[in-house]
Amino acid sequence: MKQTKTFTILLFAILLINACGKDCPDSKPIEKEVDKSYLPYIIPYSDTSTRLFLKNGTDTLLFKSQGLKETKTLRGAGEGSCDKYNLQQLSLKMAASDSDFFEVSFFAKANSSLNYGNYNFNYQFISKEIFDDALVLYYPPVIKINILNTVYDTVNVVPLKPNGNIYSKKYIGIIKIETSNSTYELIK
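Bear in mind that the values here come from a model prediction, so they are computed numbers and not experimental data. In every chain, residue numbers begin from 1 and rise along the written sequence. Where totals are concerned, whole chains, interfaces and linings use all residues; where local detail is concerned, this predicted model gives features only for residues with pLDDT of at least 70, and gives and counts side-chain atom pairs only at 80 or more. Only heavy atoms go into the side-chain values, all of them from the structure, while hydrogens and water stay out.

Participant: Please give an account of the overall build of the protein that cites residues and values.
Facilitator: From N to C terminus, the protein includes 3 helices and 14 strands. The rule is simple: take the accessible area with a 1.4 Å probe, protein chains only, and divide by the maximum for that residue type; under 20% is buried, over 50% is exposed, in between is partly exposed. When each of the 188 residues of the protein is scored for burial, the buried share is 39%. We call two residues in contact whenever any of their non-hydrogen atoms come within 4.5 Å of each other. Contacts spanning at least 24 positions in sequence make up 46% of the contacts within the protein whose residues lie at least 6 apart. In this text, helices come from DSSP runs of H or I with a minimum length of four residues, and strands from runs of E with a minimum of two, each type numbered from the N-terminal end.

The following block contains the structure:
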């Protein structure tokens, strides 16, 4: 009985070592790009875009586009897979100064058919990864918001942690950012 247990454990260990130690063949990474048809919804800014925001109800800030940037990141598909992916990311930064800016990113992931987006605001990633469909399709309740006497409907709201929100509207982009320290509201 003891010999059977020892033999079984030894056999299992050998199989595990062989499985973990398998060599992956050298192969060209799989190119994975974002679906650019979503770009006008997620990054609706051009290289020459400007947006005027009111900060904390007193300061007017002109955010200027820094241009659409593309990067590629080489990533593995995960444990147990030999696949490698060359993942595309598109991002655009809108800056009023070194300390007042936001960046919108749109990227592909290795193990997903969906694309994702996220926001970077003043050097902090302030939102979770958002599926592209969540930025494009609107589900009840339809969010309607009044910002500086302009009413926006079908607005996406991304909750921020610890507290705050980013409000965006497709084709327009970010219309309001609320954090614990600041509020930015789109003037035009």
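Participant: Give a detailed account of the side chain of Lys32, specifying residues and quantitative values.
Facilitator: Assignment of secondary structure puts Lys32 in strand β1 (residues 30-32). The class for Lys32 is buried, based on a relative accessible area of 18%. If near-sequence neighbours (up to four positions away) are discounted, Lys32 is found in contact with Tyr85, Asn86, Leu87, Gln88, Ala108, Lys109, Ala110, Asn111, Ser112 and Ser113.

Participant: Tell me about the environment of Tyr171, residues and numbers included.
Facilitator: As for its placement among the helices and strands, Tyr171 is situated in the loop between β12 (165-169) and β13 (173-178). Given a relative accessible area of 53%, Tyr171 falls into the exposed group. The spatial distance from the C-alpha of Tyr171 to the C-alpha of Ile43 is 8.1 Å, given a sequence separation of 128 residues. With residues near it in sequence (within four places) discarded, Tyr171 still touches Pro40, Tyr41 and Pro44.

Participant: Explain the environment of Tyr152 to me, using residue names and the numbers behind them.
Facilitator: Take Tyr152: it is sitting in strand β10 (residues 150-152). Separated by 16 residues in the primary sequence, Tyr152 and Ser168 have C-alpha atoms spaced 9.4 Å apart. With sequence-adjacent residues up to four places away left out, Tyr152 is seen in contact with Ile143, Lys144, Ile145, Ile147, Lys169, Ile172, Ile175 and Leu186.

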